[in-house]
Amino acid sequence: MKAIISVIGKDTFGILARVSAVCSENRANISDVTQSILQDMFVMVMLVDISDEGCDFSHLRSDLSCLADELGMQINIMHEDIFNSMHRI
(Lines give C-alpha, C1' and ligand atoms only; values in the text may rest on other atoms or scores of the structure.)
Protein backbone atom coordinates (compact mmCIF):
# COMPACT_ATOMS: atom_id res chain seq x y z
CA MET A 1 0.00 0.00 0.00
CA LYS A 2 1.17 3.53 -0.72
CA ALA A 3 0.43 6.96 0.71
CA ILE A 4 0.86 10.56 -0.42
CA ILE A 5 2.55 13.09 1.89
CA SER A 6 2.27 16.80 1.08
CA VAL A 7 4.31 19.52 2.79
CA ILE A 8 3.67 23.25 2.42
CA GLY A 9 5.13 26.18 4.33
CA LYS A 10 7.86 28.75 4.68
CA ASP A 11 11.17 27.46 3.35
CA THR A 12 13.74 26.61 5.96
CA PHE A 13 16.84 24.44 6.21
CA GLY A 14 16.41 20.66 6.48
CA ILE A 15 12.71 20.12 5.73
CA LEU A 16 13.29 17.18 3.39
CA ALA A 17 15.71 15.60 5.88
CA ARG A 18 13.26 15.95 8.79
CA VAL A 19 10.28 14.51 6.89
CA SER A 20 12.48 11.69 5.55
CA ALA A 21 13.66 10.90 9.07
CA VAL A 22 10.06 10.57 10.31
CA CYS A 23 9.30 8.26 7.37
CA SER A 24 12.35 6.14 8.11
CA GLU A 25 11.54 5.90 11.84
CA ASN A 26 8.06 4.64 10.89
CA ARG A 27 9.34 2.18 8.24
CA ALA A 28 7.70 4.10 5.38
CA ASN A 29 9.89 3.80 2.28
CA ILE A 30 10.04 6.90 0.06
CA SER A 31 9.31 5.85 -3.53
CA ASP A 32 9.25 9.26 -5.19
CA VAL A 33 9.55 12.90 -4.20
CA THR A 34 9.16 16.25 -5.89
CA GLN A 35 9.78 19.62 -4.34
CA SER A 36 9.75 23.26 -5.36
CA ILE A 37 10.55 26.54 -3.74
CA LEU A 38 8.28 29.35 -4.87
CA GLN A 39 9.84 32.58 -3.59
CA ASP A 40 10.11 31.70 0.11
CA MET A 41 7.43 28.95 0.11
CA PHE A 42 8.43 25.28 0.18
CA VAL A 43 6.16 22.72 -1.52
CA MET A 44 6.86 18.98 -1.52
CA VAL A 45 4.92 15.85 -2.45
CA MET A 46 6.16 12.37 -1.51
CA LEU A 47 4.93 8.95 -2.51
CA VAL A 48 5.72 6.48 0.28
CA ASP A 49 5.32 2.73 0.52
CA ILE A 50 3.62 1.86 3.82
CA SER A 51 3.16 -1.86 3.19
CA ASP A 52 5.95 -2.90 5.60
CA GLU A 53 4.45 -4.77 8.58
CA GLY A 54 6.31 -2.42 10.93
CA CYS A 55 4.66 0.67 9.44
CA ASP A 56 1.68 1.93 11.45
CA PHE A 57 -0.21 4.53 9.37
CA SER A 58 -1.81 6.16 12.44
CA HIS A 59 1.54 6.52 14.17
CA LEU A 60 3.15 7.94 11.02
CA ARG A 61 0.30 10.47 10.69
CA SER A 62 0.72 11.48 14.34
CA ASP A 63 4.49 11.89 14.02
CA LEU A 64 4.07 13.99 10.86
CA SER A 65 1.49 16.15 12.65
CA CYS A 66 3.94 16.77 15.49
CA LEU A 67 6.65 17.68 12.98
CA ALA A 68 4.25 20.05 11.20
CA ASP A 69 3.58 21.85 14.49
CA GLU A 70 7.29 22.03 15.24
CA LEU A 71 8.12 23.45 11.79
CA GLY A 72 5.04 25.67 11.51
CA MET A 73 4.05 23.97 8.25
CA GLN A 74 1.16 21.98 6.81
CA ILE A 75 1.98 18.29 6.46
CA ASN A 76 -0.77 15.94 5.28
CA ILE A 77 -0.80 12.23 4.54
CA MET A 78 -3.48 10.12 2.87
CA HIS A 79 -3.74 6.60 1.53
CA GLU A 80 -3.14 6.35 -2.21
CA ASP A 81 -6.60 4.81 -2.71
CA ILE A 82 -8.29 7.85 -1.15
CA PHE A 83 -6.08 10.21 -3.15
CA ASN A 84 -6.96 8.41 -6.39
CA SER A 85 -10.69 8.37 -5.55
CA MET A 86 -10.66 12.11 -4.88
CA HIS A 87 -9.06 12.83 -8.26
CA ARG A 88 -11.13 10.45 -10.39
CA ILE A 89 -13.73 11.94 -12.71
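Residues numbered from 1 in each chain as written. Predicted model: local features only at pLDDT ≥ 70, side-chain atom pairs only at ≥ 80, totals over all residues. Heavy atoms only, no water.

Brief notes about the nonpolar core
Soluble, globular proteins show a tendency: their nonpolar side chains are buried together.
Here's step 1: In this structure, Ile 5, Val 7, Val 19, Val 48, Ile 50, Leu 64 and Ile 75 are the most contacted members of the largest nonpolar core, which totals 22 residues.
Here's step 2: Elements that contribute at least two residues to this core include exactly β1 (2-10), α1 (15-25), β3 (41-49), α2 (57-71) and β4 (74-79).
Here's step 3: The residues touching Ile 5, leaving out its near neighbours within four places in the chain, are Cys 23, Met 44, Val 45, Met 46, Val 48, Leu 64, Ile 75, Asn 76 and Ile 77. (Core = buried A, V, L, I, M, F, W, Y, C linked by side-chain atoms within 4.5 Å. Buried < 20%, exposed > 50% of the residue type's maximum accessible area, 1.4 Å probe, protein only. Helix = DSSP H or I, 4+ residues; strand = E, 2+ residues; numbered from the N terminus. Contact = heavy atoms within 4.5 Å.)

What to know about α2
Here's step 1: The end-to-end C-alpha distance of α2 is 21 Å, a good match for the 21 Å that 15 residues give at a rise of 1.5 Å each.
Here's step 2: Among all positions of α2, only Phe 57, Leu 60, Leu 64, Leu 67 and Ala 68 are buried. The arc that holds the buried residues of α2, viewed along the axis, is 105°, so those residues lie on one side. In α2, the exposed residues that point more than 90 degrees away from the buried face are Ser 58, Asp 69 and Glu 70.
Here's step 3: Those residues of α2 that are buried lie in contact with β1, α1 and β4.
Here's step 4: N-cap assignment for α2: the residue whose side-chain oxygen lies 3.0 Å from the backbone N of Ser 58 is Asp 56. (Expected span 1.5 Å × (residues − 1). Arc of directions from axis to C-beta. Polar contact = N/O pair within 3.5 Å; in protein donor to acceptor, adjacent residues only side chain to side chain.)

Details of the pairing of β3
Here's step 1: By the alternation rule, side chains of β3 split into Phe 42, Met 44, Met 46 and Val 48, which are all buried, and Met 41, Val 43, Val 45, Leu 47 and Asp 49, of which none is buried.
Here's step 2: In the sheet, strand β2 (residues 29-38) pairs with β3 via nine bridges, with the strands oriented antiparallel. Within the sheet, the bridge partner assigned to Ser 36 lies in β3 and is Val 43.
Here's step 3: Hairpin remark: β2 followed by β3, antiparallel, with two residues in the connecting loop; positive phi at Gln 39, about 55°. (Pairing = 2+ DSSP bridges.)

Keep in mind these numbers describe shape, not what the thing actually does.
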